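Observations on the model geometry
Listed here are the chains, written in short residue letters.
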Amino acid sequence: MAPEATPSLADAVSAAFAPHGRLAAAEPAYRPRAGQQTMAQAVAATIADAGCLVVEAGTGIGKTYAYLVPALLSGQRVLISTATKALQDQLRGRDIPHLAQVLGLPLRLAMLKGRNSYLCLHRLQQALESGDALPPAYRAPLAQVHRWSLHTRSGDLAELPALDERSPLIPWITSDRDNCLGMACGHWQRCHVNVARREALEADVVVTNHHLFFADLAVRHSGMAELLPTVQVLVFDEAHRLNDTGVQFLGQQVSTGQWLSLARDARLAVHAHARGLAQVEIAARELEHAAQALRQLCGAGPTAQLRWAWQGDAPDEVAPHAWAECLTAGAAACGQVHGALQAVVGMHPELARVAERASQLHQRVEQMRLPPAPGQVRWVGVESGVRLVESPLDVAQALSAQVWGVAPALPGAGDSAPAGMGEPAANVLERSARHRQAWVFTSATLGDEPGLRWFTERCGLEGAHILQVPSPFNYAQQGAWYVPDALPLPADPGHSAALAHWVAPVAEALGGRTLVLTTTTRALHAVAAALRQRWRGSSPLQVLVQGEASKRELLARFRRSGGGLVLVATASFWEGVDVPGDALQCVVIDKLPFPPPGDPLVEARVRQIEARGGRAFSDHALPEAAVALKQGAGRLIRHEDDRGLLVIGDRRLLTQSYGPRLLAALPPMRALQSEAAFQEALAAITRTSTTDRSGP
């Protein structure tokens, strides 16, 4: 049951959302929504009680306003954290300023991002003076950054839309915790990171992100440590990403990217302050060779996206001897960089800082050559580079310590719940109230059962109030789902090609307007290749494929195309994709999104569940698949006027005993029982869309 707000804040929230209230007066399209007001009142009560609330708010509820209105009207200092920069920018640039104006609130608003989102003036100067050390391809974009740097106030690289966030120039013009010179930097007073932190400490509302929040819990170096104690209301939007984000920071990590960054920065520091020190160039080359050897051993590259278990001396996928050689070479090269710089560390703080980084990185590599710490899981991420990670299984202990005000406890025998989580909810809420902080966690997808245990257990929030607010959309009229019975089972090698063959005439009938979501990169490329082969030279339809451009660029093209495009994607496109209107009329999910059995975190969670006497499939695999299916299906209907079809290319949804649980996770769209029924629904959408596009 959701908490009830105290009369003062409750009345103010009710008045704001009333049919003739401030929102209605300011927004002609505003219509009161019962679900939005229910959530807003629950947030208001949580703020008044300094409690903890977990809200699953269905698509179309208007959850952003539902938490912003009570938070802003409370008059307390507010921190809002998101999973994506896109939502962070939307809150800072549009939603909060608009609401502040509508509600008549003179707010001081600030945004706090990670260091690599801000231009570093020192490193920009260093790059401009680097000469031949800077690759020629970077010189034109660097000149553009330099021109922008002369007039930007925030230094936020998001102001440069032409500079993709994956650009290899980014590390040359931004700082990180390792290479920041601190107060020894000549640009310290004008530093954009410091300015952002000062503004955050003075602001009434601060917008930040989950990465920064957990980075601070891990290293106390992001600026959040000073900010958090001064905040009374904390809201985590896109909260379903909290656990996956947190485990990246609450452990140890070594990567080939760190090795290459160290080699680059060592060269730049010597070029600027100690020219002629040939030993550093030799050591930097050794470090680059070690990084390249590790990447080649693991098969890293632009299309790689793997996560390997690492329980013994080496991951199962590589030879232990070759693995040990790569780590030994990397550790030795870091030591060589440190040793080569020792003779000149007194010449400039930057030389001393690079030497310190080399020493720390050497120690972390050496630690990775030893057995992991108790309670930690090790894994190797293989993408464009290689990451060696030692992390906890979840963020429960770290996050519960913040929310409930208790120190995390080591798991006891047969019980891994953090301290405080075994107490009655009243006790932990009382302790939280003594800290006078209200915590709100919200997302459209937080689980597949009323307790939302998929989310609360991993985040240590079992004592929180739970509220589920269903979507206001009429899914039975707006959408329908179908499982083609002619497709082979997903284990069949020909499944992806068969799916593409089935999807092609559907996309042709719709004039594109189709999003195909795959569960693996292999299926992604197979489906895309089959569609392109079918339409090569004979169709106006084009296929957009994840990885061939940034997510932002692909979605922008898809939204503004007005048709003619089919987008094939995996991974991050299962969530955070918002394409309202008739630009998207069909979502195809290739197969049921069960977690990959070889994933090290999955394997470790399975072992943990089985050690407690649980059942790995029903307690882990099914909830994971249900949540992912819910997220993927949620891409289809984004507005009350949307119409569309959901296709799931996996007959197991209808034939296996677990099918009803997964079907229950889908939006309540009508089921299409046959190919004829699907074709009829497809024709109806095609007729409606054609009429809408042709006008009256």
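These notes cover the structure that comes with them. In this text the structure is predicted, and so the values were computed from the model without any measurement.

Conventions adopted
Residues numbered from 1 in each chain as written. Predicted model: local features only at pLDDT ≥ 70, side-chain atom pairs only at ≥ 80, totals over all residues. Heavy atoms only, no water. Salt bridge = Lys/Arg side-chain N within 4 Å of Asp/Glu carboxyl O. Helix = DSSP H or I, 4+ residues; strand = E, 2+ residues; numbered from the N terminus. Buried < 20%, exposed > 50% of the residue type's maximum accessible area, 1.4 Å probe, protein only. Phe/Tyr/Trp six-rings, centres within 6.5 Å; stacked < 30°, edge-to-face > 60°. Expected span 1.5 Å × (residues − 1). Contact = heavy atoms within 4.5 Å. 1 Å grid on protein atoms, 1.4 Å probe; cavity = no way out; pocket = protein on both sides within 12 Å on 5 of 7 lines; lining within 4 Å. Points joined across faces, edges and corners; volume = space filled by probe spheres on them. Nonpolar A, V, L, I, M, F, W, Y, C, P; charged D, E, K, R; others polar.

Quick word on the pattern of salt bridges
According to the stated counting rule, one finds 27 salt bridges in the structure shown. Between Glu288 and Arg267 there is a salt bridge, with its nearest N and O atoms 2.6 Å apart. Here Arg267 lies in helix H13 (residues 256-273) and Glu288 lies in helix H14 (residues 278-298), a separation of 21 residues in the sequence. Relative accessible area serves as the criterion here: at 26%, Glu288 is assigned to the partly exposed category. Asp650 serves as the salt-bridge partner of Arg652, at 2.7 Å between the closest nitrogen and oxygen. A relative accessible area of 23% places Arg652 in the partly exposed class. We classify Asp650 as buried; its relative accessible area is 0%.

Some thoughts on the packing of aromatic side chains
Throughout the structure, instances matching the rule amount to 15 aromatic pairs. With centroids separated by 6.3 Å and ring planes inclined at 10 degrees, the aromatic side chains of Trp439 and Phe441 adopt a geometry described as stacked. Of the two residues examined, Trp439 and Phe441, each falls in the buried class. Aromatic pair Trp502 and Phe678: ring centres 5.1 Å apart, planes at 45 degrees, arrangement tilted.

Here's the deal with helix H15 (residues 320-341)
The first and last C-alpha atoms of H15 sit 32 Å apart over 22 residues, in line with the 32 Å expected at 1.5 Å per residue. Taken residue by residue, H15 has Trp323, Cys326, Leu327, Gly330, Ala331, Ala333, Cys334, Val337, Ala340 and Leu341 as its buried positions. The inward-facing, buried residues of H15 contact H13, H14, helix H16 (349-368), strand S8 (377-382) and strand S9 (386-391).

A short note on empty space enclosed by the protein
Any space left empty among the atoms is revealed by the rolling of a water-sized probe across them. The tally for this structure, following the rule as stated, stands at 1 cavity of 30 Å³ or more. Contributions of two or more residues to the lining of the largest cavity are made by helix H6 (121-128) and helix H9 (192-202). Top contributing element to the lining of the largest cavity by residue count: H6, with 3 residues. For the lining of the largest cavity, the class distribution of residues is 9 nonpolar, 6 polar and 2 charged.

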